[in-house]
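A structural walkthrough
Spelled out, the chains give:
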Amino acid sequence: MILVIGARASGKRDYVASLGYGPGDVADGVLDDRPVLYNLQDLTMPDPEGAPALFDRLIEKEVVVCDEVGSGVIPLEKERRLGREATGRLCCRLAKEAEKVVRLVAGIPTVIKG
Amino acid sequence: MKILLTGGSGCGKSTFAESLVMKFPLPRWYVATMRSYGAESEAKIARHRAMRSTKGFETIESQTDVGKIELPGGGTVLLECLCNLTANEMFDDEGNERDPYDKILREVRSLAEKADNLILVTNDVGSDAEAYSDSTLRYVDALGRLNAAFASEFDTVYELVCGIPLLLKGEGL
């Protein structure tokens with residue numbers, strides 16, 4: 001599994017396309033049989049408690065793409081705070097198992113693992 | 001040696017900080033700065049405590065005034081985290097505010113002089129564009145300036161991303 005992370009609109013989709021995946025390969029914020037998942041944070045932010053249980057299905061993917069949501073002022077709303085933590089912790093576990101972790105900054109991919 | 005660790009929420013800073021401390025000999029002090037505001041912070045404090053329980057840390061609770069901490073000399077201090085310390089020094093329970101920059105700079109330097117090694121954990125709070133109150137923006141500014149000041153004078157700086165340490169300055173360990 002390749003984990004692709006970076007801020008919103010940092011070039012993650014273009015990077016995934018450069019790996020050869022087309023629109024038909026990509027599930028956007030839903031877990032199904034397609035090999036690429038975009039917007040993992042759309043699954044974890046509304047349901048922080050359910051986030052750890054997604055792990056087994058996510059490591060079966062070829063590519064998992066997630067926004068980095070842990071920066072900025074710590075939110076006042078508890079759900080958002082827990083959502084950021086749960087997203088970050090899940091990404092830590094995914095990064096540990098991933099063959100490769102790529103971080104996008106301003107469209108530039110940096111391989112930070114693998 | 002002085003090491004600064006930065007990164008967002010849930011990016012593995014505490015785990016990495018503790019693995020760094022374990023590379024240094026005993027004694028190991030953990031300076032805990034978090035004020036408890038109920039169940040959520042209690043859970044976080046308990047999680048951090050459990051991580052440290054087998055690692056030979058002595059915990060020092062110090063929500064403010066870290067310059068007053070007395071240490072016998074030598075050893076390694078892990079201070080977690082600068083974001084809490086900055087908030088605690090900046091805002092009191094009565095709603096008063098003061099600029100914490102000079103005091104924190106002075107007191108963390110003084111703490112560093114009392115040990116062989118200091119590992120300081122901070123957070124990147126400036127990377128969003130929400131419409132915060134003026135006082136929250138002053139907090140973001142203060143912490144950003146402190147991060148830059150400590151990064152400039154410390155030996156080593158890492159950013160944690162998904163649990164992966166990215167070396168931004170100095171020699172890795």
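The notes below deal with the structure included here. (Residues numbered from 1 in each chain as written. Chains lettered and ligands numbered in written order. Predicted model: local features only at pLDDT ≥ 70, side-chain atom pairs only at ≥ 80, totals over all residues.)

Moving on, we get to unusual backbone geometry. Residues Leu26 of chain B and Pro27 of chain B are joined by a peptide bond in cis, for which omega reads 0 degrees. Topologically, Pro27 of chain B is positioned in the loop between α1 (13–21) and β2 (28–32). For the bond running from Glu80 of chain B to Cys81 of chain B, omega is -5 degrees, close enough to zero to count as cis. For Ala9 of chain A, which is not glycine, the phi torsion reads 60 degrees and is therefore positive. The topology assignment puts Ala9 of chain A in the loop between β1 (2–6) and α1 (12–18). Backbone geometry places Asn39 of chain A, a non-glycine residue, at a positive phi of 55 degrees. Counting through the fold element by element, Asn39 of chain A comes out in the loop between β3 (36–38) and α2 (41–44). (Helix = DSSP H or I, 4+ residues; strand = E, 2+ residues; numbered from the N terminus.)

Our focus in this paragraph is the pairing of strand β7 (residues 164–169) of chain B. Of the strand pairs in this sheet, strand β6 (residues 156–161) of chain B and β7 of chain B are connected by 5 bridges, and their pairing is antiparallel. Counterpart to Tyr158 of chain B in the pairing with β7 of chain B is Leu167 of chain B. (Pairing = 2+ DSSP bridges.)

Attention now moves to the environment of Ala151 of chain B. Residue and element names in this part refer to chain B. Structurally, Ala151 is set in helix α5 (residues 134–153). Separated by 149 residues in sequence, Ala151 and Lys2 place their C-alpha atoms 9.4 Å apart. Contact partners of Ala151, with chain neighbours within four places excluded, come to Leu4, Val157 and Lys169. (Contact = placed C-beta atoms within 7 Å.)

With that settled, consider the pairing of β2 of chain B. Regular strands place side chains that alternate from one sheet face to the opposite one. Residue and element names in this part refer to chain B. Most of β2 sits out of view: 5 of its 5 residues are buried. Burial along β2 is two-sided: the face carrying Arg28, Tyr30 and Ala32 and the face carrying Trp29 and Val31 are both buried. As paired elements, β2 and strand β3 (residues 57–61) share 5 bridges and run parallel to each other. Across the sheet, the residue bridging to Ala32 is Glu61, located in β3. Following the chain from β2 across helix α2 (residues 39–52) to the adjacent parallel β3, one finds a crossover that is right-handed. (Buried ≥ 20, exposed ≤ 12 C-beta atoms within 10 Å, placed from the backbone. Right-handed = clockwise from strand over helix to strand, strands pointing away.)

Turning our attention to the nonpolar core. In this structure, Leu3 and Val4 of chain A are the most contacted members of the largest nonpolar core, which totals 71 residues. With 6 residues, helix α4 (residues 78–97) of chain A is the largest single contributor of residues to this core. Dropping the residues within four chain positions of it, Leu3 of chain A is found in contact with Val64, Cys91, Leu94, Ala95, Ala98 and Val101 of chain A together with Cys162 of chain B. (Core = buried A, V, L, I, M, F, W, Y, C linked by C-beta atoms within 7 Å.)

Residues and elements named next belong to chain B. One open sheet holds the 7 strands; their spatial order is β3-β2-β4-β5-β1-β6-β7, and the pairing between them is mixed. Of all strands in the sheet, those with a lone pairing partner are β3 and β7, marking the two edges. Mean inter-strand twist for the sheet, computed between neighbouring axes without regard to direction, equals 20 degrees. (Axes fitted to C-alpha atoms, helices over the stretch in contact; angles between N-to-C directions.)

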